[in-house]
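Observations on the three-dimensional arrangement
This is what each chain is made of:
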Protein chains: 2
Amino acid sequence: MAEPIRLSKRDAARRENEARILAAAEKVFAEAGFGGATMQLIADMAGLPKANLHYYFATKEELYRKVVQQIFEIWLHAADSFDNAPGPVEGIGAYIDAKMDISRKHPFGSKVWASEVMHGAPVIQDYLETTLREWTDNRAKLIQRWVDEGKMAPIDPKHLLYMLWATTQHYADFGHQIETLNAGKPLTDRQWKAAKESVKTIILRGIGAI
Amino acid sequence: MAEPIRLSKRDAARRENEARILAAAEKVFAEAGFGGATMQLIADMAGLPKANLHYYFATKEELYRKVVQQIFEIWLHAADSFDNAPGPVEGIGAYIDAKMDISRKHPFGSKVWASEVMHGAPVIQDYLETTLREWTDNRAKLIQRWVDEGKMAPIDPKHLLYMLWATTQHYADFGHQIETLNAGKPLTDRQWKAAKESVKTIILRGIGAI
DNA sequence: TCATTTTCTGACCGTATGGTCAGGGTTGAG
DNA sequence: CTCAACCCTGACCATACGGTCAGAAAATGA
């Protein structure tokens with residue numbers, strides 16, 4: 001908050017260009033995959049000459065890595081809704097809401113993440129083994145505590161987490177399929193709300209929390 | 001069944017080579033994506049010269065299309081478990097079993113499918129709009145009937161289907177992540193069984209069928 | 001203003017890829 | 001046995017891609 005609001009032209013331009021490039025890269029990587037994406041396409045989408053991309057990001061891999069990291073951050077933040085909840089109804093309910101919102105707001109990021117993991121996580125394997133594993137263990141313990149306290153049925157926490165991830169991210173990763181099955185139209189606000197309610201209802205009742 | 005068991009050398013070789021190429025292609029497309037896969041890599045994995053691939057499959061696109069179609073067939077067959085079931089417990093339970101088995105047995109195929117849909121279904125859009133839409137509408141009607149008959153809670157059938165697809169396919173598409181969170185080891189027979197039970201328990205209770 | 005640093009970009013390069021093709025080998029029906 | 005149809009493959013080609021670089025342009029601080 002004590003940061004200077006005034007940025008030099010250079011810093012402002014740098015910031016804007018990097019953001020522009022990252023946004024374009026996220027979209028292109030999501031739609032074409034790492035192998036199918038080209039620096040030229042990203043450059044065009046960002047409205048910059050290709051050589052300029054290489055000024056900001058030395059290699060395609062480096063740019064890709066930044067995109068994936070960016071998504072991972074957003075992902076982790078959704079966990080905030082999980083913690084400090086008195087029980088599964090509030091905690092898991094809020095987590096589903098948060099993840100569904102992310103799926104709607106950042107569908108490209110979700111796809112890049114999915115693609116990365118499907119290909120064996122070549123660039124974020126270390127994150128999986130450290131941050132994600134830790135995150136998962138902690139939430140699993142929390143869920144186990146809820147089970148022990150009789151707040152929900154005895155469920156294997158890991159499989160519950162997988163189901164939460166799978167179901168919420170499906171609305172981003174398979175959004176095209178869902179749209180096709182929805183008469184070719186994107187889900188409306190009302191439909192997104194219904195989706196969230198469906199997911200929450202089935203899972204919360206499924207784990208015996210309601 | 002009245003087919004001749006005797007095949008000419010040519011037919012046998014053709015059949016074997018095509019199968020070998022398709023298997024190699026499925027794996028390579030799954031691990032590298034369409035753009036990242038190379039004909040040379042597929043050829044090496046199939047143990048054939050690259051030029052020979054182009055004798056059997058004129059273009060990379062044609063080979064890819066065959067791989068996707070092959071998966072789609074397997075996918076549809078899982079629906080058999082769904083039909084002719086007296087109620088959701090048997091029908092959906094069997095469907096989950098079948099889809100989980102496919103995820104374990106054909107993880108590459110599942111990934112290729114996921115990748116195809118994530119990229120906007122460039123080669124199987126027509127399947128989505130015809131076969132899949134029809135399939136989905138029919139199952140949705142069946143589920144709605146079960147709801148009307150009071151055999152399960154009032155759930156939007158579409159969202160239930162999405163949850164079934166998402167959850168079961170997650171074990172294939174995100175298998176690497178699951179393996180990493182499982183101390184780097186693939187799920188054992190016992191763990192797969194537990195996964196199936198978890199999924200079935202949560203969903204069947206979640207829809208009020210048990 | 002001027003020197004210095006940072007930013008920008010058109011033109012270029014080496015490589016890898018999908019695809020082709022001529023020509024040699026193999027198979028099987030008559 | 002013969003020969004036409006089919007199968008196979010090393011060598012080759014055009015293209016497209018990631019990345020480089022010299023030097024112009026712009027911003028900054030003194």
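This structure is a prediction, so every number in the text was calculated from the model and none was measured. (Residues numbered from 1 in each chain as written. Chains lettered and ligands numbered in written order. Predicted model: local features only at pLDDT ≥ 70, side-chain atom pairs only at ≥ 80, totals over all residues. Heavy atoms only, no water.)

For the pair chain B and chain A, the best superposition has an RMSD of 0.1 Å and corresponds to a rotation of 180° with a translation of 0.0 Å parallel to the axis. On the angle and the small slide along the axis, the relation comes out as a two-fold axis. Taking C-alpha positions as reference, the residue of chain B nearest the rotation axis is B:G206, located at 1.8 Å. With an isologous cut-off of 70% or more, the 100% of interface residues of chain B that recur at the interface of chain A puts this contact in the isologous class. (Least-squares fit on C-alpha atoms with pLDDT ≥ 70 in both. Contact = heavy atoms within 4.5 Å.)

What the rule picks out here adds up to 18 salt bridges over all chains. Measuring nitrogen to oxygen at the nearest pair gives 3.0 Å for the salt bridge that ties A:K196 to A:D101. With A:K196 in helix α10 (residues 189–206) and A:D101 in helix α5 (residues 88–105), the pair connects residues that are 95 residues apart, well separated along the chain. The exposure class assigned to A:D101 is partly exposed, which follows from its relative accessible area of 41%. For B:R104, the salt bridge is made with B:D189, and the minimal N-O distance between the two is 2.8 Å. You can see B:R104 sitting in helix α5 (residues 88–105) and its partner B:D189 sitting in helix α10 (residues 189–206), a full 85 residues away along the chain. (Salt bridge = Lys/Arg side-chain N within 4 Å of Asp/Glu carboxyl O. Helix = DSSP H or I, 4+ residues; strand = E, 2+ residues; numbered from the N terminus. Buried < 20%, exposed > 50% of the residue type's maximum accessible area, 1.4 Å probe, protein only.)

As a further point, take the protein's contact with DNA strand C. Around DNA strand C lies a shell of 20 residues, among which A:R14, A:Y55, A:Y56, B:R10 and B:K60 are the nearest. Considering DNA strand C, the proportion of its atoms within 4 Å of the protein that are sugar or phosphate atoms stands at 57%. In this structure, B:M39 approaches DNA strand C through a main-chain N or O atom, which is 2.9 Å from a phosphate oxygen. B:K50 places a polar side-chain atom, nitrogen or oxygen, 2.8 Å from a base oxygen of DNA strand C. If you list the elements that add at least two residues to the surface near DNA strand C, you get α1 (9–36) and α3 (50–56) of chain A together with α1 (9–36), α3 (50–56) and α4 (60–77) of chain B. With four residues, the top contributor of residues to the surface near DNA strand C is α3(A). Its residues assigned to classes, the surface near DNA strand C shows seven nonpolar, six polar and seven charged. (Near = heavy atom within 4 Å. Polar contact = N/O pair within 3.5 Å; in protein donor to acceptor, adjacent residues only side chain to side chain. Nonpolar A, V, L, I, M, F, W, Y, C, P; charged D, E, K, R; others polar.)

The interface of chain B with chain A comprises 56 residues on the first partner and 56 residues on the second. Taken over both partners, the interface formed by chain B and chain A buries close to 4500 Å², and the fraction arising from carbon and sulfur atoms is 66%. The three residues of chain B that bury the most area against chain A are B:M118, B:L181 and B:I202, which together make up 17% of that side's buried surface. There are zero salt bridges connecting chain B and chain A. The interface formed by chain B and chain A includes 16 residue pairs in polar contact (both at pLDDT 80 or more). Of all elements in the fold, only α1, α6 (107–118), α7 (125–148), α8 (157–173), α9 (175–181) and α10 of chain B reach the threshold of two or more residues within the side of chain B that touches chain A. Ranked by residue count, the leading element in the side of chain B that touches chain A is α8(B), at twelve residues. Grouping the amino acids of the side of chain B that touches chain A by side-chain chemistry returns 27 nonpolar, 21 polar and eight charged. (Buried area = accessible area lost by both parts, 1.4 Å probe.)

Around DNA strand D there are 20 residues in total, and A:K9, A:K60, B:R14, B:Y55 and B:Y56 lie nearest to it. Considering DNA strand D, the proportion of its atoms within 4 Å of the protein that are sugar or phosphate atoms stands at 59%. Between DNA strand D and A:R10 there is a distance of 2.8 Å, counted from a base nitrogen to a side-chain nitrogen or oxygen. One of the backbone nitrogen or oxygen atoms of A:A37 is found 3.2 Å away from a phosphate oxygen of DNA strand D. For the surface near DNA strand D, the secondary structure elements donating two or more residues are α1, α3 and α4 (60–77) of chain A together with α1 and α3 of chain B. By residue number, the principal contributor to the surface near DNA strand D is α3(B), which donates four residues.

Evaluation of the coordinates by the stated rule reveals 28 aromatic pairs over all chains. With 6.0 Å between their ring centres and 35° between their planes, B:Y95 and B:W135 make a pair best called tilted. Of this pair, B:Y95 sits in helix α5 while B:W135 sits in helix α7; the two residues are 40 residues apart in sequence, bridging distant segments of the chain. Among the residues examined, B:W135 registers a relative accessible area of 8% and is labelled buried. Taken together, the ring pairs in this structure connect A:F82, A:Y95, A:W135, A:W146, A:Y162, A:W165, B:Y171 and B:W192 into an aromatic cluster. Residue placement shows A:K60 over the ring face of A:F34; its charged tip is 4.5 Å from the ring centre. (Phe/Tyr/Trp six-rings, centres within 6.5 Å; stacked < 30°, edge-to-face > 60°. Lys NZ or Arg CZ within 6 Å of the ring centre and 35° of its normal.)

What follows deals with the domain arrangement of chain A. Many structure descriptions define interface size as the accessible area lost when the parts assemble. Residue and element names in this part refer to chain A. Per the domain assignment, the segments of chain A are domain 1 (9–58) and domain 2 (68–206). On a C-alpha basis, the centroid separation for the pair domain 1 and domain 2 is 28 Å. With six residues of domain 1 at the contact, the number on the domain 2 side is six residues. Connecting domain 1 to domain 2 are zero salt bridges. Residue composition of the side of domain 1 that touches domain 2, by class: three nonpolar, no polar and three charged. (Domains from an automatic or database assignment.)

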